[in-house]
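# Descriptive structure summary
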Amino acid sequence: MRAYIRAVLVASTALVGTGAALAQSSSPFSGLFGGDSQTEGPVALDIQVAGNEEGLDDKIRATSLVAGALKEDRTTGQDVLAAARGDYARILGLLYDEGYYDGSVNILLDGIEASEVAPLDAPDVVRRVVVNVNPGRIFRFSRAQIAPIAPESEISSDYAVDKVAGTGTMRSAAVAGVEGWRNYGHAKADVGGQEITADHDTRRVDSRIALNPGPAVSFGRMTVAGNQRLNERRLRKIAGFPEGERFDPEEMDTVRKRLRRSGVFSAITLQESDDLNADNSMDVDLTVVEQKPRRFGAGFEISNTDGVLLSAYWMHRNLLGGGERLRVDAKVKDIGSQTSDRDDEVTIRLDRPATLTADTTAFVEIEAARMREEDYDEDTASIGVGLEHIFSDQLTANTELEYQYSRVFDANGQTDFKVLALPSEVIWDMREEPNNAKRGFYLSGDITPFVGFGDTGSGAQLLGEGRVFRSFGEDDKFTLAGRARAGTILGSEIEETPRNYLFFSGGGGTVRGHPYQELGVNEIEGPDGDTIKTGGMSVANATAEIRYQVREKIGLVTFVDYGQVWTDGSFGGDSGSHSGAGVGVRYDTPVGPLRFDIAAPVGGDTDNGVQFYLGLGQAF
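Here the structure is a predicted model, which is why all the values come from computation and not from measurement. (Residues numbered from 1 in each chain as written. Predicted model: local features only at pLDDT ≥ 70, side-chain atom pairs only at ≥ 80, totals over all residues. Heavy atoms only, no water.)

All right, on to the environment of Asp58 then. Of note, Asp58 is situated in helix 2 (residues 56-63). A C-alpha to C-alpha distance of 29 Å links Asp58 and Gly555, two positions 497 residues apart in sequence. (Helix = DSSP H or I, 4+ residues; strand = E, 2+ residues; numbered from the N terminus.)

In structure tokens form, the structure reads like this:
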């Protein structure tokens, strides 16, 4: 016996319709079954699959309307009957997706075939539902042809001779073929037709899919609607729509990302025109919904020796009507610290997106800080103008021209530092989830050349950091996380270098188990011969963590931290080191894990007993 299925498609989704047509041609079948049963609420659901090849029972349960109704406690006779009548086509469609074309399905409601019960004759109560499925024999491709194919199309290797001839595989091949042409600039590519022949004697499927690439298309005009406070000229600049260029779906995604990054909109819709213009250009309709312009947030961290850190910010997303973002950050730390007085910091930053290019943001930043450390006091103010460029979702860079003035009070009396600096940074972020990474890596590199005025030295600060994450086990329950950080200062002497350029180690961000910035150097002598503690000219830190997800929202962490600080640049001169280890608990929240760590010193002489840390977000 041979069964023929022929259809002409105007869209790749029509392959689903082919499966439905096949489902309607099946007939009930009873036989010997293996079984799997499960009771859900007052109705027992028993799914039995002959042979149960490829774990079909689990797939059937996942697609079954009856199973879904029982999980939602919809258990009246009418509900169960309606779901059961719909399950015939759904289950047969699943069988076709898996390559079974001569299967059968029986669904019994308390022993009565569901298809024989009229919708208006539903029983008041159904106690037991039995789904008997005989998938039959699996079919394979005798021919798997799709043409014409665009260069670099990614057609699945499963669409090939002797592979399982599932309708899902054919549908995926059709979609991939169309996407291949769209990626090649043919925006209106589609499935032109298909012919499928299933031979039930040989269990072979002859599949031919014809693609219709259509003409090569360029981007036409972009119409804009929905913006109210944002100037349309600036909106177009931010979007960077590539009018006149060859069509590329990735360019459409890039436009969406640029608009989302602006933070101005709560919804963005970019719709391709149904018809091409006479020159084969395609217009695009952009509709946006602006969100409330103002936003604020707060964070905290608590340590038993360093005290409390409180932070907050206020932001305006569209200050001048051109997408400008004003953000004010305030931070108060070392509240109740056992080693220093309270520190205060304020930062005001104004960003202007789409400056020079659509992916370049210009910014002005003003900072002021009042630091009261154990061995010195420092008041600092700075102003900078810079640019940040986004090369891709993973690669960003920024540079800034900054003037900084700081006044330090220590055993030497008063010292003023004045520098003109060019801090620059490159970040390569390949983490899948920055707030709670389970795999991937993160690399950053900073260089800050600076020119000193008066008694301030000139040189450069170099700093690099790398993080790596790898998960394994069932559902990635275990995660290995590592971080390494190294920095040095070249060209300047330690007493001539601004204090906030020097390096410390210790605390929740470097070495847990030791107080905040406890490890520095004692190199500078005051007028009375007293040594003055400052940061070092070089630093190295390393951290290793093992994270275990106990439950959906609860995780455990064990960790070891290490830090070393040198008196000279290039990791030379005298040095001191310390290390700590501990355990922690994580509780997942919508804004990141709530972190609680307990750490104790393992090495070094900067310890001060067991340390406790409470904060929001992973340690790195």
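Now that the structure is up, let's keep going.
We now examine the packing of aromatic side chains. Per the counting criterion, the structure on display carries 13 aromatic pairs. Where Trp566 meets Phe571, the ring centres are 5.2 Å apart and the plane angle is 90 degrees; that geometry is what we call edge-to-face. Chaining the aromatic ring pairs together yields one cluster made of Tyr96, Tyr101 and Phe139. Taking NZ or CZ as reference, Arg467 lies 4.5 Å from the ring centre of Tyr442, over its face. (Phe/Tyr/Trp six-rings, centres within 6.5 Å; stacked < 30°, edge-to-face > 60°. Lys NZ or Arg CZ within 6 Å of the ring centre and 35° of its normal.)

As for its position among the elements, Thr448 is in strand 22 (residues 440-453). Along the sequence, Thr448 and Glu425 sit 23 residues apart, while their C-alpha atoms lie 8.6 Å from each other. Once you skip the residues sitting within four places of it in the chain, Thr448 turns out to touch Ala421, Leu422, Pro423, Gly459, Ala460, Gln461 and Tyr501. (Contact = heavy atoms within 4.5 Å.)

This paragraph deals with helix 5 (residues 167-183). Between its first and last C-alpha, helix 5 extends 24 Å over 17 residues, near the 24 Å set by a 1.5 Å rise per residue. Across the 17 residues of helix 5, twelve count as buried, placing the element largely inside the fold. Buried residues of helix 5: Thr167, Gly168, Thr169, Met170, Ala173, Ala174, Ala176, Gly177, Val178, Gly180, Trp181 and Arg182, and no others. Downstream of helix 5 by one or two residues, Gly185 has phi in the positive range, about 100 degrees. (Expected span 1.5 Å × (residues − 1). Buried < 20%, exposed > 50% of the residue type's maximum accessible area, 1.4 Å probe, protein only.)

The two faces of a sheet get side chains in turn, since along a regular strand they alternate between them. Bridge analysis of strand 20 (residues 413-421) against strand 22 gives four bridges, and the strand direction is antiparallel. Residue pairing for strand 22: Val419 is matched across the bridge by Gly452. The pairing of strand 21 (residues 424-429) with strand 22 spans six bridges and is antiparallel. Bridge assignment links Asp429 to a residue of strand 22, and that residue is Tyr442. Where strand 22 and strand 23 (residues 459-472) come together, eleven bridges link them in antiparallel fashion. Bridged to Gly440 within strand 23 is Phe469. The antiparallel pairing of strand 22 with strand 23 creates a hairpin that spans five residues between the two strands, and Gly454 there sits at a positive phi of about 70 degrees. (Pairing = 2+ DSSP bridges.)

Among the surface-exposed residues, Asp455, Glu493, Glu495, Glu496, Asp568 and Asp574 lie close enough to one another that they form a single negatively charged patch. Tracing the chain through its elements places Glu496 in the loop between strand 24 (478-490) and strand 25 (521-525). Here Glu496 falls in the partly exposed class, since its relative accessible area comes to 31%. (Patch = residues over 30% accessible without salt bridge, like charges linked within 9 Å, V, L, I, M, F, W, Y side chains within 5 Å. Areas by Shrake-Rupley, 256 points an atom, 1.4 Å probe, with all protein chains shown as cover. Salt bridge = Lys/Arg side-chain N within 4 Å of Asp/Glu carboxyl O. Lys, Arg positive; Asp, Glu negative; His and termini not counted. Charge placed at Lys NZ, Arg CZ, Asp CG, Glu CD.)

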